[in-house]
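# Notes for the structure review
Spelled out from the first residue to the last, the chains are:
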Amino acid sequence: MKTLTILKPDDWHLHLREGPVLKNIIPFTSEYFGRAIVMPNTKIPITSIDSAISYKKTIVEALPGSSKFEPLMTMYLTDEADKRELISGFKNNVFFAAKLYPANATTNSSYGVKKIENLYEIFELMQDSGMPLLIHGEVTDTEVDVFDREEVFIDRELSPIAKRFPKLKIVLEHITTSYAVDFVQENNIGATITPHHLHINRNAMFFGGLNSDFYCLPVAKREKHRLALRKAATSGKECFFLGTDSAPHLRKWKAFCGCAGIFNSPVALESYLTVFEEENALDNFEKFSSLNGPKFYNVPPNKERIKLVSKPNKIVDFIDVFEQENIVGQIKPLHAGETLKWQVDGIVN
Ligand code: NCD
Ligand code: ZN
């Protein structure tokens, strides 16, 4: 049996939601991840210091008793974003970063930014104070083909930002194209890569009928892009790090409206590891999962270690969401019904 012991990973892009969903899903992350950057796209987005403090409190209260997991909070940028609030929240360790959603790009992004140039003054301040800018990199222009939105965003929006603010710490989140892989490396920025974009290409959404289980944003692209992402993630290069973009939606909503988001936190490490093994890159896994992110964000890596073992791991079809004793819904995880070859064995002391 193969085993791998690595420093405890962090998830640099995670949706934790609220209410019963939060309570039911958080253990999947808090058990084996030291920290996670928590996305601010709650129903009412996190746009102020007060709302971030209160959301963090809700998250911490939902953690299993002995957990040392640390949620890292983000401020959701809007057209009206208050620069004093943002910078003071960062300087006072309330906000770890700011998140830019172009308006209507994805789930709960209707409050997002309509004209990114209007935020340039804020980017200047973020650059000066070292506050990271996390970007959902897709244009929302309906004339742009859905599969081209990341590439067009890079040309229209990201490239000018990266040129104008060369010292701004930018992360292009959940990259999906070879174009993004190249841009990240050439422009000295960071990128998160999800497990699902390493496993599926766009065909998955159309296999056996329209299948919203594999619909997320940015949408999965052609096979050549998946292969480029696998190469980037497993390369060990410092600019690429783990960010699951685990985005749970109750089955009833997913089936009803096909909302965007794939829930992967129960299988994330095993899913990534499968890819690293297939690419003969197990030696680089710790860099991707536990070292590159802390280095980019200038925080120390976690001290604890976790052990992973290669043994059959059957993934459940659904996770039940309980409210008190009642099941209020189910969420389908990535790899539902599959048997993966890796399993987390636990924390190593
Ligand atoms: C995310 C969600 O559901 O909050 N959905 C997704 O498809 N990734 C939002 C996001 O990160 O785009
Ligand atoms: Zn996300």
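## Points about the side chain of His225
Within the secondary structure, His225 sits in helix H8 (residues 223-234). The contact partners of His225, leaving out residues within four places of it in the chain, are Thr176, Thr177 and Ser178.

## Quick look at the sheet that holds strand E9 (residues 240-242)
The parallel open sheet is built from 8 strands, whose spatial order is E2-E3-E4-E5-E6-E7-E8-E9. This sheet does not close on itself; its edge strands, each paired only once, are strand E2 (11-14) and E9. The sheet shows a mean angle of 30 degrees between the axes of neighbouring strands, direction not considered. Sheet analysis places strand E5 (residues 95-100) next to strand E6 (residues 133-135), joined by 3 bridges and oriented parallel.

## Some words on the packing of helix H1 (residues 19-30) against helix H2 (residues 49-62)
Relative orientation of the contacting elements H1 and H2 amounts to 60 degrees, with a least axis distance of 9 Å. Relative to H2, H1 is oriented oblique. Read as a crossing pair, H1 and H2 show a hand that is right-handed. On H2, the residues that touch Leu22, Lys23 and Ile26 of H1 are Thr58, Ile59 and Ala62.

Each value, and the rule that gives it
Residues numbered from 1 in each chain as written. Chains lettered and ligands numbered in written order. Predicted model: local features only at pLDDT ≥ 70, side-chain atom pairs only at ≥ 80, totals over all residues. Heavy atoms only, no water. Helix = DSSP H or I, 4+ residues; strand = E, 2+ residues; numbered from the N terminus. Contact = heavy atoms within 4.5 Å. Pairing = 2+ DSSP bridges. Axes fitted to C-alpha atoms, helices over the stretch in contact; angles between N-to-C directions. Parallel < 35°, antiparallel > 145°, perpendicular 65-115°, else oblique. Left-handed = near helix turned anticlockwise from the far one by under 90°.

All quantities given are derived from atomic positions and should not be read as evidence of function.
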